[in-house]
Amino acid sequence: MKDSNNGKTAASLEAEHRKRVPIFLAVFALLSLGVLIKYGTIMLGPANSEDSGNAKPFVERGPILDRNGRILALQTRLGNVTLWR
């Protein structure tokens with residue numbers, strides 16, 4: 001029985017499908033394994049010397065202002081958040 005798929009029979013289409021599935025699964029498995037290996041080397045590898053030795057100093061920034069020059073936000077070291085009008 002012919003299908004409308006370029007004159008191929010249902011059996012030949014199923015045979016092609018059965019060939020493609022293992023190939024797709026193998027490629028997916030290899031890519032997944034590569035991602036897991038990369039993740040493992042990042043997590044379990046030694047820490048970068050750049051991150052541990054060069055702590056950036058605290059930089060004081062100015063306030064954030066609106067169009068009219070009113071202060072919208074300040075940089076503070078408070079442990080709480082307040083709201084005022």
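Predicted model, so just to flag it, every value in this text is computed and none were measured.

Visitor: In this structure, what is going on with the overall build of the chain? I would like to understand it.
Guide: Helix and strand content of the chain: 2 helices and 2 strands. Beginning at the N terminus, the succession of helices and strands in the chain can be written as α-α-β-β. Burial status across the chain gives 0% buried among its 85 residues.

Visitor: Whenever I open this one, the packing of aromatic side chains confuses me. Can you help?
Guide: Each aromatic ring pair is summarised here by two numbers: the centre-to-centre distance and the angle between the ring planes. Using the criterion set out here, one finds 1 aromatic pair in the structure. For the ring pair Phe24 and Phe28, a centre distance of 6.3 Å and an interplane angle of 20 degrees mean the geometry is stacked. Of this pair, Phe24 and Phe28 both sit in helix 1 (residues 10–44), separated by 4 residues, roughly a single helical turn.

Visitor: Would you take a moment to explain the environment of Ser12 for this structure?
Guide: Among the secondary structure elements, Ser12 is positioned in helix 1. We classify Ser12 as partly exposed; its relative accessible area is 25%. One polar contact links the side chain of Ser12 to the main-chain carbonyl oxygen of Thr9, over a distance of 2.9 Å.

Visitor: Explain helix 1 here, please?
Guide: Residues spaced three or four apart along an α-helix point in a common direction, a consequence of the helix completing one turn every 3.6 residues. For helix 1, with 35 residues, the first-to-last C-alpha span of 50 Å sits near the 51 Å given by 1.5 Å per residue. The element helix 1 is largely exposed, with a buried count of 0 among its 35 residues.

Visitor: How do you make sense of the pattern of salt bridges when you look at a structure like this?
Guide: When charged atoms on two side chains of opposite charge get close, those side chains can pair. Applying the stated criterion across every chain yields a total of 3 salt bridges. Between Glu14 and Arg18 there is a salt bridge whose closest N-O contact spans 2.6 Å. Of the two residues, Glu14 and Arg18 are both situated in helix 1; the distance of 4 residues between them amounts to about one turn of the helix. Arg18 gets classed as exposed once you look at its relative accessible area, which sits at 57%.

Visitor: Please clarify how the confidence of the model for the chain should be interpreted in this entry.
Guide: Reading predicted coordinates in detail is not appropriate for stretches of low pLDDT. For the chain, the mean per-residue pLDDT works out to 80, and 82% of the residues sit at or above 70. Of all secondary-structure elements in the chain, the lowest mean pLDDT belongs to helix 2 (residues 49–53), at 55, while strand 1 (residues 64–65) reaches the highest, 92.

About the thresholds
- Residues numbered from 1 in each chain as written.
- Predicted model: local features only at pLDDT ≥ 70, side-chain atom pairs only at ≥ 80, totals over all residues.
- Heavy atoms only, no water.
- Helix = DSSP H or I, 4+ residues; strand = E, 2+ residues; numbered from the N terminus.
- Buried < 20%, exposed > 50% of the residue type's maximum accessible area, 1.4 Å probe, protein only.
- Phe/Tyr/Trp six-rings, centres within 6.5 Å; stacked < 30°, edge-to-face > 60°.
- Polar contact = N/O pair within 3.5 Å; in protein donor to acceptor, adjacent residues only side chain to side chain.
- Expected span 1.5 Å × (residues − 1).
- Salt bridge = Lys/Arg side-chain N within 4 Å of Asp/Glu carboxyl O.
- pLDDT = per-residue confidence, 0-100.

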